[in-house]
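The lines below spell out each chain.
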Amino acid sequence: MKAGFWIAPEGTDDTMTMLPLAEAGEDVARGKDVVGFLASASAEEAIARCPRTAQLLPQLAEALEAQRADAPGRLFDITDYEDHERELIGQVLGEGEVSGLAALPDGGVAQLVEASMAGLWRVRFSDADGKLVADYLEIAAIPHVVERAAAFTAERLSFGDAPEGAMNVMPILAEIDGRMRAHRPGGPSHTINFSLLPVNEIDMDFLQRTLGDGPVQLVSRGYGHCKVTATGARNVWSVQFFNAMSTIILDTLEIGDTPAAARAADEDFHDSAERLREIHEAYFA
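The structure displayed is predicted, hence computed values, not measured ones.

Honestly, the sheet that holds strand 7 (residues 213-220) in this entry has me stumped. Any pointers?
Hydrogen bonding along the main chain pairs the strands of a sheet, whether they run parallel or antiparallel. One open sheet holds the 10 strands; their spatial order is 1-5-4-3-2-7-8-9-10-6, and the pairing between them is antiparallel. Looking at the sheet topology across the chains shown, the edges are occupied by strand 1 (74-77) and strand 6 (190-193). Averaged over all pairs of adjacent strands, the angle between strand axes in this sheet comes to 20 degrees, irrespective of strand direction. Pairing of strand 6 with strand 10 (residues 248-255) involves 4 bridges; the strand directions are antiparallel. Opposite Asn-193, over in strand 10, you have Thr-252 as the bridge partner. Of the strands in this sheet, strand 6, strand 9 (236-242) and strand 10 are in contact with helix 6 (residues 169-182), which crosses strand 6 at around 165 degrees.

When you look at the pairing of strand 5 (residues 132-139) in this model, what are you seeing that I'm missing?
Across a regular strand the side chains alternate sides, sitting on one face of the sheet and then on the other. Taken across its 8 residues, strand 5 has 6 buried, putting it largely inside the fold. Here strand 1 runs beside strand 5; their pairing, made up of 4 bridges, is antiparallel. Residue Arg-74 lies in a different strand from strand 5, and its bridge partner there is Ile-139. Here strand 4 (residues 120-126) pairs with strand 5 via 7 bridges, running antiparallel. In the sheet register, Arg-122 faces strand 5, and the bridge partner there is Leu-137.

Reading guide: rules and limits
Residues numbered from 1 in each chain as written. Predicted model: local features only at pLDDT ≥ 70, side-chain atom pairs only at ≥ 80, totals over all residues. Heavy atoms only, no water. Pairing = 2+ DSSP bridges. Helix = DSSP H or I, 4+ residues; strand = E, 2+ residues; numbered from the N terminus. Axes fitted to C-alpha atoms, helices over the stretch in contact; angles between N-to-C directions. Contact = heavy atoms within 4.5 Å. Buried < 20%, exposed > 50% of the residue type's maximum accessible area, 1.4 Å probe, protein only.

Given below as structure tokens:
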């Protein structure tokens, strides 16, 4: 039997290639390392050269304080900032628990990384040739591009007869199709737990082929390691949790909005606003 639902046909997962937040040769701050960087002599010099960053941080904190998980996000475009300004922003914000890719029909790709302040995201768009075309910060439970990309998937399932040797794939597909039809944005998600279901390799192969590949891959490293992958079916997500040995310990499909494992919650915005204000007052004011 396969180790999990969303395993590549050859048995290995595709990797995600992410652009670093800072310029080549610089280490991007993670978690508490943000403060360590800001206390360094090189940071003092960088801060003095970056007045736009100093002006931006209080605006971000104010927007974080006002944000709610179920509300539309707010964008801060930094595409036209000087390279050294954007590098400093990357160092100040650091990298948090969630990162990923969202592919769009025009060949463009959005790379997204949550800051060390949950609910604050760095989103960068590259065109079909790999050229950076947009760079912005977004305050939201999940960047809008994730929902936008996931919308370019099939609204309904289409499948024929069960393959020879299948056990339970047909009732599972019927359940998925019914939940897809019933789901409304903002409504509760429905979870199918493969860790508890009697399924064989034929079931999983047919299920994966029927649902198809989706345009979004997300990884969360908050509590352990979680991989969230959009399938080719609307509102159907593979959510897998791994232990320290990279073995799947919980293998599910979620039918609903972007899974909670990758989203910021209401309390995250308040905490992030406080932390960003502390950083601004200590190092930029």
